[in-house]
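Read off the chains here:
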Amino acid sequence: MTRPLTFAIPKGRILDEALPLMARAGVVPEPGFHDKSNRALSFACENSDMRLIRVRAFDVATFVAHGAAQCGIVGSDVVEEFAYPDLYAPVDLDIGHCRLSVAEPVGPGEDPARVSHLRVASKYPNLTRRHFERMGIQAEVVKLNGAMELAPGLGLASRIVDLVSTGRTLKDNGLVETSTILQISARLIVNRAALKTDERVAALVDRFRALVAA
């Protein structure tokens, strides 16, 4: 009996945009998936031997990189943050657009040219450190998973690095975007070994690639 193909998807905004594209690619979750009161994390797919698992975005990359899921959808921010060697992102799905940016309190800030060390709040420690290293600045990253905008006002960090879409949340919390680290979109990701050994994975990549190119 063939093992089900496991497809990992993130909770939240990307999922809402991905579902119509997934349906066109033949990845249609069972009706229970859309039931808001359903606490299940694993779902069958209609007319398919595939199953969906619904997890946090950062965990999508981990499940796929380690082969627990063979494919998935996640933002390019997650792909870049982890840089797993066993993860391959062959298709830019052209959805889930936003950016990863540096923000700081409104007003005269420190001149980056005169700073050698900063404390920055973010859930992206690797991307944050690399960004500031390129500027010759050592970044001490305070890892937060949410409410990043509170950090500067409470003295936890002088800057934050976070996802920005409209910039409204920053403005409402007295912060201003000062630089963009990464433009982000959602990607189809696959496990490299699964792509080589399971023809269903390659076929799925081809279907998504054709949809995006159409």
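Just above sits the structure.
Residues numbered from 1 in each chain as written. Predicted model: local features only at pLDDT ≥ 70, side-chain atom pairs only at ≥ 80, totals over all residues. Heavy atoms only, no water.

Thoughts on the pairing of strand β7 (residues 117-122)
The pairing of β7 with strand β8 (residues 138-143) spans 6 bridges and is classified as parallel. When the sheet's bridge partners are listed, S122 is paired in β8 with K143. Where β7 and strand β9 (residues 159-164) come together, 3 bridges link them in parallel fashion. Across the sheet, A121 pairs through a bridge with I160, a residue of β9. (Pairing = 2+ DSSP bridges. Helix = DSSP H or I, 4+ residues; strand = E, 2+ residues; numbered from the N terminus.)

Looking at the environment of T62
With respect to the secondary-structure elements, T62 resides in helix α2 (residues 57-65). Note: C-alpha distance between T62 and V78 (16 residues apart in sequence) is 9.7 Å. A distance of 3.0 Å separates the side chain of T62 from the side chain of Y84, its partner in a polar contact. (Polar contact = N/O pair within 3.5 Å; in protein donor to acceptor, adjacent residues only side chain to side chain.)

Overview of the packing of aromatic side chains
Overall, the coordinates contain 5 aromatic pairs when judged by the stated rule. Taking the centre distance of 5.4 Å and the plane angle of 80° together, the rings of F58 and F82 count as edge-to-face. One end of the pair, F58, is in helix α2; the other, F82, is in helix α3 (residues 76-82), and 24 residues separate them in sequence. The side chain of R54 reaches across the aromatic face of F33, ending 4.5 Å from its centre. (Phe/Tyr/Trp six-rings, centres within 6.5 Å; stacked < 30°, edge-to-face > 60°. Lys NZ or Arg CZ within 6 Å of the ring centre and 35° of its normal.)

Comments concerning the pattern of salt bridges
Two side chains carrying opposite charge are able to pair once their charged atoms lie near each other. Per the stated rule, a full pass over the model turns up 8 salt bridges. Of the charged contacts, one joins R99 and E177 as a salt bridge, the two residues approaching to 2.6 Å between their closest N and O atoms. Taken together, the residues R99 in strand β6 (residues 98-105) and E177 in strand β10 (residues 175-184) connect sequence positions 78 residues apart. By relative accessible area, E177 is classed as partly exposed at 27%. Here R159 ties to E104 by a salt bridge, and the two come within 3.1 Å at their closest N and O atoms. One end of the pair, R159, is in strand β9; the other, E104, is in strand β6, and 55 residues separate them in sequence. (Salt bridge = Lys/Arg side-chain N within 4 Å of Asp/Glu carboxyl O. Buried < 20%, exposed > 50% of the residue type's maximum accessible area, 1.4 Å probe, protein only.)

Quick look at the sheet that holds strand β5 (residues 87-92)
With mixed pairing, 6 strands are arranged side by side in an open sheet as β2-β3-β1-β4-β11-β5. Taken across any chain shown, the strands that pair with only one partner, and hence form the sheet edges, are β2 (42-44) and β5. Adjacent strand axes in the sheet meet at a mean angle of 30° when their direction is disregarded. Relative to strand β11 (residues 186-191), strand β4 (residues 71-75) is paired through 5 bridges, and the arrangement is antiparallel. Residue pairing across strands places G75 opposite A186, the latter belonging to β11. Along the sheet, helix α1 (residues 13-24) contacts β1 (5-10), β3 (50-55), β4 and β11; its crossing angle with β4, the most-contacted strand, is approximately 135°. Against the sheet, helix α8 (residues 199-213) touches β1, β3, β4, β5 and β11, its axis set at about 30° to β5. (Axes fitted to C-alpha atoms, helices over the stretch in contact; angles between N-to-C directions. Contact = heavy atoms within 4.5 Å.)

Re the nonpolar core
For soluble globular proteins, the rule of thumb is that nonpolar side chains tend to be buried together. Judged by nonpolar contacts, the single largest core of 30 residues is most densely connected at F7, M22, I73 and F208. Of all the secondary-structure elements, those providing two or more residues to this core are β1, α1, β3, β4, β11 and α8. A total of 6 residues in this core trace back to one element, the largest contributor, which is α1. Setting aside residues up to four positions removed in sequence, F7 forms contacts with M50, R51, L52, I53, C71, G72, I73, L188, L204 and F208. Judged by nonpolar contacts, the second largest core, of 29 residues, contains A69, C98, L100 and V161. (Core = buried A, V, L, I, M, F, W, Y, C linked by side-chain atoms within 4.5 Å.)

Brief notes about the sheet that holds β9
Taken together, the 5 strands give an open sheet; going across it, the order is β8-β7-β9-β6-β10, and neighbouring strands pair in mixed fashion. Of all the strands in the sheet, just β8 and β10 have a single pairing partner and so form its edges. Shown here is a sheet whose adjacent strand axes are inclined to one another by a mean of 30°, direction ignored. With 5 bridges joining them, β6 and β9 adopt antiparallel strand pairing. The residue of β9 that forms the bridge with S101 is D162. In the packing of helix α4 (residues 125-134) onto the sheet, the strands contacted are β6, β7, β8, β9 and β10, and the crossing angle to β8 comes to about 160°.

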